Amino acid sequence: MKPLLRPDDLIAHVSQITPEFLAARGLRGLVLDLDNTLIPYRSYEDAAEMIAWAADLRGAGIGLYLLSNATAKRAAFWLPKLGFGGVGMAGKPNPRAFRRALHTLGLPAHQVAMVGDQVFTDVLGGNLTGMHTVLVEPLIDNALPHTRLARMVERQVLRRYGYDWQARR
Ligand SMILES: [Mg+2]
């Protein structure tokens, strides 16, 4: 079994996930974090590029599902714009919400990647559920003290797994 805090892939931006990237890993679906993965933390601004990226993947037959710990209200704002299903208040890293996402996608865990910017919610929950995990660099630094502390610990964890990611805040 792989270490629970270790992502399978570390990428700078979700747009690096293409149908080719997914095919090479045997993946057919993505469970996506919202804040700082798809949309900058707290932003309600235009996200045309992200919406086009998601539409391209769906056009290629990739299943997408939003799994966010943000408020239900914030998730409800973004879901119709993003054009796929999902939930807020997901309670990540609790595997229950991840299993529900897999059920909705109709795919087995090993064919789905959890994609997010946080080791202790996105990567941990994805790994606990038996999914492939992709850690992305956060879109912005949200500067909250508890997030800064989590980032420091994340850096240590990633270094232990041989990921030396200078840019990660
Ligand atoms: Mg996030």
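Residues numbered from 1 in each chain as written. Predicted model: local features only at pLDDT ≥ 70, side-chain atom pairs only at ≥ 80, totals over all residues. Heavy atoms only, no water.

Looking at the coordination of the magnesium ion
Ideal geometry at a metal centre gives angles of 109.5 degrees when four donors are arranged tetrahedrally and 90 or 180 degrees when six donors are arranged octahedrally.
And step 1. On the protein side, the magnesium ion has D33 (OD), D35 (O) and D117 (OD) as donor atoms, found 2.1 to 2.2 Å from it.
And step 2. When the donors of the magnesium ion are listed by position in the chain, the intervening gaps give D-x1-D-x81-D. (Donors = N, O, S within 2.8 Å, 3.2 Å for Na, K, Ca; no water.)

As for the side chain of D9
And step 1. Positionally, D9 belongs in strand β1 (residues 9-11).
And step 2. The class for D9 is buried, based on a relative accessible area of 14%. (Helix = DSSP H or I, 4+ residues; strand = E, 2+ residues; numbered from the N terminus. Buried < 20%, exposed > 50% of the residue type's maximum accessible area, 1.4 Å probe, protein only.)

Focus: the environment of D35
And step 1. Structurally, D35 can be placed in the loop between β2 (29-32) and α2 (48-59).
And step 2. Sequence separation between D35 and D9 is 26 residues; the distance between their C-alpha atoms is 19 Å.

Brief notes about the packing of aromatic side chains
And step 1. Overall, the coordinates contain two aromatic pairs when judged by the stated rule.
And step 2. Ring centres 4.7 Å apart and planes at 80° place the aromatic pair Y44 and F77 in the edge-to-face group. Here Y44, found in the loop between β2 and α2, pairs with F77, found in helix α3 (residues 72-82); they are 33 residues apart in sequence, far enough to count as distant.
And step 3. A residue is classified by how much of its surface remains accessible, and Y44, at 45% relative accessible area, is partly exposed.
And step 4. With a centroid separation of 5.1 Å and 85° between ring planes, the pair formed by F77 and W78 is classed as edge-to-face.
And step 5. Residue F77 is classed as partly exposed on the basis of its relative accessible area of 28%.
And step 6. Under the relative-accessibility criterion, W78 is labelled buried at 1%.
And step 7. Through pairs of rings, three or more aromatic residues link up here, namely Y44, F77 and W78.
And step 8. Here the guanidinium or amino end of R74 rests over the ring plane of Y44, the centre of that ring lying 4.8 Å away. (Phe/Tyr/Trp six-rings, centres within 6.5 Å; stacked < 30°, edge-to-face > 60°. Lys NZ or Arg CZ within 6 Å of the ring centre and 35° of its normal.)

Digging into the sheet that holds strand β3 (residues 63-67)
Strand pairing in a sheet relies on backbone hydrogen bonds. The paired strands run either parallel or antiparallel.
And step 1. As summarised here, the arrangement of the six strands in space is β1-β6-β5-β2-β3-β4, forming an open sheet in which the pairing is parallel. Only two strands of the sheet have a single neighbouring strand rather than two, namely β1 and β4 (85-87). Direction aside, the axes of adjacent strands within the sheet are offset by 20° on average.
And step 2. Sheet contacts for α3: β3 and β4; angle to β4, the most-contacted strand, approximately 165°. (Pairing = 2+ DSSP bridges. Axes fitted to C-alpha atoms, helices over the stretch in contact; angles between N-to-C directions. Contact = heavy atoms within 4.5 Å.)

Quick word on the layout of surface pockets
Over the atoms a probe the size of a water molecule is rolled, and this reveals where empty space is left.
And step 1. Here the largest pocket defines a volume of roughly 320 Å³.
And step 2. In this structure, the largest pocket is lined by 17 residues; those nearest its centre are D35, Y41, N69, Q118 and N142.
And step 3. Among the elements of the structure, α5 (119-128) and α6 (145-160) are those that each provide at least two residues to the lining of the largest pocket.
And step 4. The greatest single-element share of the lining of the largest pocket, amounting to three residues, is contributed by α6. (1 Å grid on protein atoms, 1.4 Å probe; cavity = no way out; pocket = protein on both sides within 12 Å on 5 of 7 lines; lining within 4 Å. Points joined across faces, edges and corners; volume = space filled by probe spheres on them.)

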